[in-house]
Amino acid sequence: QVQLVESGGGLVQPGGSLRLSCAASGFTLDYYHIGWFRQAPGKEREGVSCISTSDSSTVYVDSVKGRFTISRDNAKNTVYLQMSSLKPEDTAVYYCAARVYDCSGYAGQYPYWGQGTQVTVSS
């Protein structure tokens, strides 16, 4: 089965860092574009970042540019989201998702999802 499992979430102080991992099983990650989304309480699911499978090009939502870095390790079948200079407004459940065609900022275009990992930024 196609499965994505996020890990690495937790409680961190403002200005701190976390690295989220998205481990894929049941498929070869290299054939999929992987997006990171987040959803805060009472808000819609927001596209955060995406990495392409063809040239590893990346895209970020404006609010995280310069602070978050998405990367892919095909040998480990894992995508990472390195989050630095975290802010309280980054608090959300973070999800990774996969699709085959290209990167998209719309959650509805991703057929495969992980279970989510909670990131809480608070002092």
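Scroll up to find the structure.
Residues numbered from 1 in each chain as written. Predicted model: local features only at pLDDT ≥ 70, side-chain atom pairs only at ≥ 80, totals over all residues. Heavy atoms only, no water.

Draft legend 1. Spatial organisation of the packing of aromatic side chains. Considering all chains together, one arrives at seven aromatic pairs under this definition. With a centroid separation of 6.5 Å and 20° between ring planes, the pair formed by Phe27 and Tyr112 is classed as stacked. With Phe27 in the loop between strand E3 (18-25) and strand E4 (33-39) and Tyr112 in strand E10 (residues 112-113), this pair connects stretches of sequence that are 85 residues apart. Aromatic pair Phe37 and Tyr110: ring centres 5.1 Å apart, planes at 80°, arrangement edge-to-face. With Phe37 in strand E4 and Tyr110 in the loop between strand E9 (92-99) and E10, this pair connects stretches of sequence that are 73 residues apart. Looking at Phe37, the relative accessible area reads 1%, which means it is buried. One aromatic cluster in this structure is built from Phe37, Tyr95, Tyr110 and Trp113. One cation-aromatic arrangement involves Arg45 over Trp113; the distance from NZ or CZ to the ring centre is 4.8 Å. (Phe/Tyr/Trp six-rings, centres within 6.5 Å; stacked < 30°, edge-to-face > 60°. Helix = DSSP H or I, 4+ residues; strand = E, 2+ residues; numbered from the N terminus. Buried < 20%, exposed > 50% of the residue type's maximum accessible area, 1.4 Å probe, protein only. Lys NZ or Arg CZ within 6 Å of the ring centre and 35° of its normal.)

Draft legend 2. Examining the sheet that holds strand E8 (residues 78-83) more closely. Across the sheet, four strands lie side by side as E1-E3-E8-E7; this open sheet has antiparallel pairing. Across the chains shown, the open sheet's two edge strands, defined by having one partner strand only, are strand E1 (3-7) and strand E7 (68-73). In this sheet, adjacent strand axes meet at a mean angle of 15° when their direction is disregarded. One ladder, built from six bridges, connects E7 with E8; its direction is antiparallel. Across the sheet, the residue bridging to Phe68 is Met83, located in E8. (Pairing = 2+ DSSP bridges. Axes fitted to C-alpha atoms, helices over the stretch in contact; angles between N-to-C directions.)

Draft legend 3. Region of the structure containing the pattern of salt bridges. Tallying each qualifying case throughout the model produces five salt bridges. In this structure, the salt-bridge partner of Asp62 is Lys65, at a minimum N-O distance of 2.9 Å. Relative accessible area serves as the criterion here: at 61%, Asp62 is assigned to the exposed category. Sharing partners across several salt bridges, the network here consists of Arg38, Glu46, Arg67 and Asp90. (Salt bridge = Lys/Arg side-chain N within 4 Å of Asp/Glu carboxyl O.)

Draft legend 4. Representation of unusual backbone geometry. Backbone geometry places Asn77, a non-glycine residue, at a positive phi of 55°. One non-glycine residue with positive phi stands out, namely Ser85, at about 50°. With respect to the helices and strands, the residue Ser85 is situated in the loop between E8 and E9. Residue classification places Ser85 among the partly exposed positions, given a relative accessible area of 41%.

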